[in-house]
Each structure stands twice: as structure tokens, then as C-alpha cells.
Amino acid sequence: MFGISHNLCKFASTMNETIYGEYHRPGRIEVVCGSMFSGKTEELIRRVKRAVFARQRVEIFKPSIDTRYSDEDVVSHDRNTIRSTPVDTSASILLLASDIDVVGIDEAQFLDDGLVDVCNQLANRGVRVIVAGLDMDFRGLPFGPMPALCAIADEVTKVHAICVRCGALAYVSHRLVDEDKRVLLGEKAQYEPLCRHCYCLAEGKKE
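Residues numbered from 1 in each chain as written. Predicted model: local features only at pLDDT ≥ 70, side-chain atom pairs only at ≥ 80, totals over all residues. Heavy atoms only, no water.

### Let's talk about the overall build of the chain
Then comes step 1: Of regular secondary structure, the chain possesses 6 helices and 10 strands.
Then comes step 2: Counting across all 207 residues of the chain, residues that qualify as buried make up 44%.
Then comes step 3: Sequence separation of 24 or more characterises 70% of the internal contacts of the chain that already satisfy a separation of 6 or more.
Then comes step 4: Entry remark: accessible area of the chain is about 10900 Å², with carbon and sulfur atoms responsible for 52%. (Helix = DSSP H or I, 4+ residues; strand = E, 2+ residues; numbered from the N terminus. Buried < 20%, exposed > 50% of the residue type's maximum accessible area, 1.4 Å probe, protein only. Contact = heavy atoms within 4.5 Å. Areas by Shrake-Rupley, 256 points an atom, 1.4 Å probe, with all protein chains shown as cover.)

Next comes the structure, spelled out in C-alpha cells:
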């Protein structure tokens, strides 16, 4: 009986520490990056929901051009959703994020380079900033403000999809359609996650 009571007390203590720790995180920048279909948005939603559970004031933003699943909601490939505010420029986030404890930003690669300064300003005034985005475009090149955000972040989490051709960890989002413009919204009909080896084969970079 004492063992059960002791374990319950330990569980309650751990829960209290977890919630306390979630609520009292200092200003910081957390970046979640990787290829398409790697779970970046899922991880953003998970962290934001924990902050909501901890009764923090939360606001989520996404680029207004991202209308694949919804004009307003942030939606993962598994169809998990959370309400967001679409913005055209990173400067809008500063204007709309007053009196907020946690700011979430999805598909950050589509926003302008000013996002780096915006995230720094927010973190410096005590806001926890959670950013999710593609670290590379379909050519395997660093994408938008993501490389600079990774450089200034307090924490970087790189998540991986699974290569659809061999089952290894995916490296890049390979474009399946004949289109050269850098920004092309799409899903499985337009992109596939590939490991480095399979990507090189697909692009004819290896014999």
C-alpha cells in the first residue's frame, strides 16, 4: 500500500514539475526542421498544445500562401489541425504577437529573411518561439530563412521522413513534377521523401 501511495506521489510530483517547467520556460527559439512528410508540423502542434495545457497565451502563424489544406488552420499531413493567423510578412508577427507567451510559426521557409530578426526580438523579450519548416528545397539547397534560424536557435530538432524507395532516413524532398520554380505547394503527387543515395540516383548524379 505504501508503495502504491509513494508511486502516486512521485507521479503527481513529476506532472507538477512538467507543467511548471513548461510554463516557466524563458524566452527562446526552437526550430523543428526536415524534409516533407517528416512530422515537422505534428511536432509544432504537439509543443503548442502542451503550452495551451500549461495555460500559456499562445498564437500560431503561417504564411498566407500556404493554402493546401486550409486558408487559416495549420494542418499536418495526418490532418491534425490547430487555429492559426495567416501573415504575408514576418513583420506582421511582431504586430500581432503582443502579450503572448508562446509563438508558433509553421512553414517558415516561405517567409522573408526578416523572420530571423523577428524571432530574435520575440525571444529577447521573453517569448518562446517555436518554428517549423523545410531546411532544404527540392534541389537540396538551404531554404529561405531556415538556415539562419537554425544558427540562432537555442534548440534545433531535425526530424526525418522515410525514403519511399529504400526505407532509409530521408534527406530531401524530391520533386516529381517538371517545374523549376522554387515555391510549389504540393503533397505526395508532387513530392517524395528520398535518402541522399536515392535522391542522387533520381537526379542522375550517380551512375
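### Details of the pattern of salt bridges
Here the idea is simple: oppositely charged side chains can pair when their charged atoms come close.
Then comes step 1: Scanning all chains against the criterion turns up 11 salt bridges.
Then comes step 2: Between Arg-47 and Glu-43 there is a salt bridge whose closest N-O contact spans 2.7 Å. Taken together, the residues span about one helical turn, with Arg-47 and Glu-43 both in helix H2 (residues 40-53) at a distance of 4 residues.
Then comes step 3: For Arg-47, a relative accessible area of 6% gives the class buried.
Then comes step 4: The closest approach of N and O atoms between Asp-101 and Arg-57, which form a salt bridge, is 3.0 Å. Of the two residues, Asp-101 sits in the loop between helix H3 (91-96) and strand E6 (102-105) while Arg-57 sits in the loop between H2 and strand E2 (58-63), which places them 44 residues apart along the sequence.
Then comes step 5: Judged by its relative accessible area of 46%, Arg-57 is partly exposed. (Salt bridge = Lys/Arg side-chain N within 4 Å of Asp/Glu carboxyl O.)

### Focus on the nonpolar core
Then comes step 1: Among the nonpolar cores identified, the biggest contains 24 residues, and Ile-93, Val-103, Ile-105, Val-131 and Leu-149 are the most heavily contacted of them.
Then comes step 2: Among the secondary structure elements, those contributing two or more residues to this core are strand E1 (28-34), E6, helix H4 (115-124), strand E7 (128-134) and helix H5 (146-152).
Then comes step 3: Those residues in contact with Ile-105, other than ones at most four positions away along the chain, are Leu-44, Phe-61, Ile-93, Leu-111, Leu-115, Cys-119, Val-129, Ile-130, Val-131 and Ala-132.
Then comes step 4: Counting residues in each nonpolar core, the second largest holds 11 residues, with Val-32, Leu-44, Ala-132 and Val-159 among its members. (Core = buried A, V, L, I, M, F, W, Y, C linked by side-chain atoms within 4.5 Å.)

### Description of the side chain of Lys-40
Then comes step 1: Along the polypeptide, Lys-40 turns up in helix H2.
Then comes step 2: Buried and without a salt bridge, Lys-40 has Glu-107 as its closest oppositely charged side chain, separated by 5.8 Å.
Then comes step 3: Polar contacts involving the side chain of Lys-40 include one to the main-chain carbonyl oxygen of Ser-35, which spans 2.8 Å. (Lys, Arg positive; Asp, Glu negative; His and termini not counted. Polar contact = N/O pair within 3.5 Å; in protein donor to acceptor, adjacent residues only side chain to side chain.)

### Looking at unusual backbone geometry
Then comes step 1: Of note, Phe-37 is a non-glycine position whose phi angle comes to about 65°, a positive value.
Then comes step 2: Within the secondary structure, Phe-37 sits in the loop between E1 and H2.
Then comes step 3: For Phe-37, a relative accessible area of 18% puts it in the buried group.
Then comes step 4: Backbone geometry at Glu-107 places phi at a positive 50°, although glycine is not the residue there.
Then comes step 5: Here Glu-107 shows up in the loop between E6 and H4.

### What to know about the sheet that holds strand E8 (residues 155-159)
Then comes step 1: Taken together, 6 strands build an open sheet; the order of strands is E5-E2-E6-E7-E1-E8 and the sheet is parallel. Sheet topology places strand E5 (85-87) and E8 at the edges, where each strand pairs with a single neighbour. The average undirected angle you get between the axes of adjacent strands in this sheet is 20°.
Then comes step 2: The sheet contacts of H2 involve E1, E2, E6, E7 and E8, and relative to E7 the element is tilted by about 165°. (Pairing = 2+ DSSP bridges. Axes fitted to C-alpha atoms, helices over the stretch in contact; angles between N-to-C directions.)

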